[in-house]
Amino acid sequence: MAELDIHCRRCDTPYPEIEARTAAHDDNLIDVVVTCQNCGLTLNGFISLDEMSVVNPEGEEQSDD
């Protein structure tokens with residue numbers, strides 16, 4: 001899990017982690033869930049894989065496929 005550098009808008013507690021998985025209704029979407037461990041506020045959003053950028057590991061060449 002990745003740590004977030006943001007705080008809950010309800011109680012100002014730092015969000016400890018983010019959860020991401022394939023959306024149940026569309027496997028071209030990532031379902032992102034952020035839950036405050038202090039007050040329980042839950043944020044949910046979807047990210048389209050088509051809108052994401054390709055990032056290569058440092059030193060690896062990008063292919064022209």
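From a predicted model like this one, the values you see are computed outputs, not experimental measurements.

Trainee: Help me understand the overall build of the protein chain in this model?
Mentor: Secondary structure summary: the protein chain contains zero helices and three strands in total. In the protein chain, the succession of helices and strands from N to C terminus is β-β-β. Relative to its full complement of 65 residues, the protein chain shows a buried share of 17%. The long-range fraction of contacts in the protein chain, counting pairs at least 24 apart against all pairs at least 6 apart in sequence, stands at 16%. Carbon and sulfur atoms make up 45% of the accessible area of the protein chain, which totals about 5400 Å².

Trainee: Sorry if this is basic, but what is going on with a nonpolar patch on the surface here?
Mentor: Together, Ile47, Leu49 and Met52 make up a nonpolar patch on the protein surface, roughly 250 Å² of accessible area in all. Relative to the helices and strands, leucine 49 resides in the segment after β3 (42-48).

Trainee: Would you explain unusual backbone geometry in this entry?
Mentor: The bulk of non-glycine residues show a negative phi, and the bulk of peptide bonds are trans. Located in the positive-phi region is aspartate 12, a residue other than glycine, with phi close to 65 degrees. Residue placement: aspartate 12 occurs in the segment before β1 (19-23). The class of aspartate 12 is exposed, set by a relative accessible area of 55%.

Trainee: Mind showing me how you'd approach the sheet that holds β1 here?
Mentor: As summarised here, the arrangement of the three strands in space is β1-β2-β3, forming an open sheet in which the pairing is antiparallel. The sheet is open, and its two edges are formed by β1 and β3, each paired on a single side. When strand polarity is set aside, the average angle formed by the axes of neighbouring strands in this sheet is 25 degrees. Sheet analysis places strand β2 (residues 26-35) next to β3, joined by seven bridges and oriented antiparallel. Across the sheet, the residue bridging to valine 33 is asparagine 44, located in β3.

Trainee: For this particular structure, what's the right way to read the environment of valine 32?
Mentor: Counting through the fold element by element, valine 32 comes out in strand β2. Residues valine 32 and glycine 45 lie 13 residues apart in sequence; the distance between their C-alpha atoms is 5.3 Å. Valine 32 has contacts with Ile18, Glu19, Leu43, Asn44, Gly45 and Ile47, leaving out every residue within four places of it along the chain.

What counts, and at which threshold
- Residues numbered from 1 in each chain as written.
- Predicted model: local features only at pLDDT ≥ 70, side-chain atom pairs only at ≥ 80, totals over all residues.
- Heavy atoms only, no water.
- Helix = DSSP H or I, 4+ residues; strand = E, 2+ residues; numbered from the N terminus.
- Buried < 20%, exposed > 50% of the residue type's maximum accessible area, 1.4 Å probe, protein only.
- Contact = heavy atoms within 4.5 Å.
- Areas by Shrake-Rupley, 256 points an atom, 1.4 Å probe, with all protein chains shown as cover.
- Patch = residues over 30% accessible without salt bridge, like charges linked within 9 Å, V, L, I, M, F, W, Y side chains within 5 Å.
- Salt bridge = Lys/Arg side-chain N within 4 Å of Asp/Glu carboxyl O.
- Pairing = 2+ DSSP bridges.
- Axes fitted to C-alpha atoms, helices over the stretch in contact; angles between N-to-C directions.

By themselves these figures say nothing about function.
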